[in-house]
Amino acid sequence: MFENNYTVDFIDIGAKYGSIKIKNIVFNPIDIENNILKIIFDDKNIMHMFEENNLDSFNRKNIYSRFIPQEKMLPSTKEYIKKGIEKNKNFYSFLAEGILALVFRDIYGYELSKGVIDVTETLTYTHTGVDSCMYNLENSIIVLGEAKFYENLKGGIKSIINDFTKKGIISKLSSLQKIAKSNKISNSIVIKNLENNNYDGLSLEQFLNQKIFFVGFVMHSNIESDLKYDDSFYSTYKLSTKGIKDNIDVKLGKKINKGNYEIIMVHLPINEKKDLIEKVIDTALNKYREVK
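Here's what I pulled together on the structure shown here. (Residues numbered from 1 in each chain as written. Predicted model: local features only at pLDDT ≥ 70, side-chain atom pairs only at ≥ 80, totals over all residues. Heavy atoms only, no water.)

### Section: helix α6 (residues 153-165)
Taking 1.5 Å of rise per residue, 13 residues should cover 18 Å, and α6 covers 18 Å from first to last C-alpha, within 8% of that figure. Of all the residues in α6, the buried ones are L153, G156, I157, S159, I160, I161, D163, F164 and T165. Where α6 begins, one side-chain oxygen reaches toward the backbone nitrogen of K154, 3.0 Å away; that side chain belongs to N152. (Helix = DSSP H or I, 4+ residues; strand = E, 2+ residues; numbered from the N terminus. Expected span 1.5 Å × (residues − 1). Buried < 20%, exposed > 50% of the residue type's maximum accessible area, 1.4 Å probe, protein only. Polar contact = N/O pair within 3.5 Å; in protein donor to acceptor, adjacent residues only side chain to side chain.)

### Observations regarding the pairing of strand β1 (residues 2-10)
Here β1 pairs with strand β2 (residues 15-22) via eight bridges, running antiparallel. Note on β2: the bridge partner recorded for Y6 is S19. (Pairing = 2+ DSSP bridges.)

### Things to note about the packing of aromatic side chains
In total, this model carries 18 aromatic pairs according to the counting rule given. Look at F27 and Y229: their rings are 6.3 Å apart centre to centre, the planes differ by 80 degrees, and that puts the pair in the edge-to-face class. Taken together, the positions of F27 in the loop between β2 and α1 (29-40) and Y229 in the loop between β5 (211-221) and α10 (231-234) put the pair 202 residues apart, joining distant regions of the chain. For F27, a relative accessible area of 26% corresponds to the partly exposed category. In textbook terms, an aromatic cluster arises when at least three aromatic residues are bridged by ring pairs, as seen for Y6, F10, Y17, F27, Y229, F233, Y234 and Y237. (Phe/Tyr/Trp six-rings, centres within 6.5 Å; stacked < 30°, edge-to-face > 60°.)

### Some remarks on unusual backbone geometry
Here the residue pair L74 and P75 is connected by a cis peptide bond, since its omega of 0 degrees sits within 30 degrees of zero. On the secondary structure map, P75 appears in the loop between α3 (57-66) and α4 (77-87). Its identity as a non-glycine residue notwithstanding, N24 has a phi of 65 degrees, on the positive side. Mapped onto the elements of the fold, N24 is located in the loop between β2 and α1. Classification of N24 as exposed rests on a relative accessible area of 79%. In this model, K238 sits at a positive phi of 50 degrees, which is unusual for a non-glycine residue. Residue class for K238 comes out partly exposed when judged on its relative accessible area of 31%.

### Focus: empty space enclosed by the protein
Following the criterion strictly, the structure yields one cavity of 30 Å³ or more and no others. Lining the largest cavity, in full, are N4, Y6, T7, K16, Y17, G18, Y108, I264 and V266. Elements supplying a minimum of two residues to the lining of the largest cavity: β1, β2 and β6 (260-270). Residue composition of the lining of the largest cavity, grouped by class: five nonpolar, three polar and one charged. (1 Å grid on protein atoms, 1.4 Å probe; cavity = no way out; pocket = protein on both sides within 12 Å on 5 of 7 lines; lining within 4 Å. Points joined across faces, edges and corners; volume = space filled by probe spheres on them. Nonpolar A, V, L, I, M, F, W, Y, C, P; charged D, E, K, R; others polar.)

### Some points on the pattern of salt bridges
Working definition: two side chains of opposite charge can pair if their charged atoms are close together. Going through the model one piece at a time under the given rule, you end up with 13 salt bridges. Across the pair K274 and E151 runs a salt bridge, and its minimum N-O distance is 2.8 Å. Here K274 is found in helix α12 (residues 273-290), whereas its partner E151 is found in the loop between β4 (141-150) and α6, with 123 residues between them in sequence. For D249, the salt bridge is made with K255, and the minimal N-O distance between the two is 3.9 Å. On the basis of relative accessible area, K255 is assigned to the exposed category, the value being 56%. Where salt bridges share partners, they join E146, K148 and D163 into one cluster. (Salt bridge = Lys/Arg side-chain N within 4 Å of Asp/Glu carboxyl O.)

### Points about the pairing of β5
Most of β5 is tucked away: eleven of the eleven residues are buried. Side-chain alternation along β5 places K211, F213, V215, F217, M219 and S221 on one buried face and I212, F214, G216, V218 and H220 on a second face that is also buried. For β4 and β5, the ladder comprises nine bridges, and the chain directions are parallel. Each residue of the ladder has a partner; that of L144, found in β5, is F214. Both β5 and β6 contribute to a ladder of eleven bridges, which runs parallel. Residue pairing in the sheet places H220 in a bridge with P269 of β6.

### Observations concerning the side chain of T165
Inspection of the secondary structure puts T165 in helix α6. Here I161 takes part through its backbone oxygen, which lies 2.7 Å from a polar atom of the side chain of T165. If we ignore the near neighbours within four places in the chain, the residues touching T165 are L239, G243, I244 and N247. (Contact = heavy atoms within 4.5 Å.)

### So, the environment of N4
As for its position among the elements, N4 is in strand β1. Among the residues examined, N4 registers a relative accessible area of 35% and is labelled partly exposed. Between the C-alpha atom of N4 and that of G18, which follows or precedes it by 14 residues, the distance is 7.4 Å.

In short, shape yes, function no, at least from these values alone.
Here it is in structure tokens:
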């Protein structure tokens, strides 16, 4: 469904940057936006995003309701969305969070699970912490994802870099370490990464000294239509694994030497954020009403 459109590999800093597209669709924000709804509400994809094994009537209604704001959208849906974005640049970011899991599945072949989207959350508002802690047992990987839904691509990328290198990433990682510790599948991945068969506890330092993908994903409006997504554009950012490690070292007060980190930063341009949110809400409302 998704595939790379343009990729540049900055080997010296352990990072890959690039744009993604929908298979068989021209890399055009209007065409991408017109097809994104089909992808979001495809049964297979929605089950993956919400980690559901079946879509009976109860589960369908529960999932569709997650796309619909709980409060009344006054004075109109358009105005509600406009005000939401004015208050929070990353408004409705869960949509990017869910698509990130689909992108990683399609492009890298990893069926990631755990914490993609929690159906108990109110998804129209940004939550704190790394957006997703996902893992793949077969390949023994942990993926820490930051997903942004911005009108401005540059703002979204800068926000992700800030999250990974300046904000309280340790508190986020500490929470994720507790998740990994309490879950049998993610726990076994950590053990395999650390090659520690006598494991009886997992410290934050141990959690950080393993193979971790730091993944950033920005879905954004095409307001910067004059941008040319090439090597020169991506080289102005270049988040490095060293930058992440340095931030961790400063926060922990000790040097983390064994962590094997990789960075993937990708983005997907759509025509207009406000329009796509309105289409998603309207589609969810219609599908909710159709469930018997």
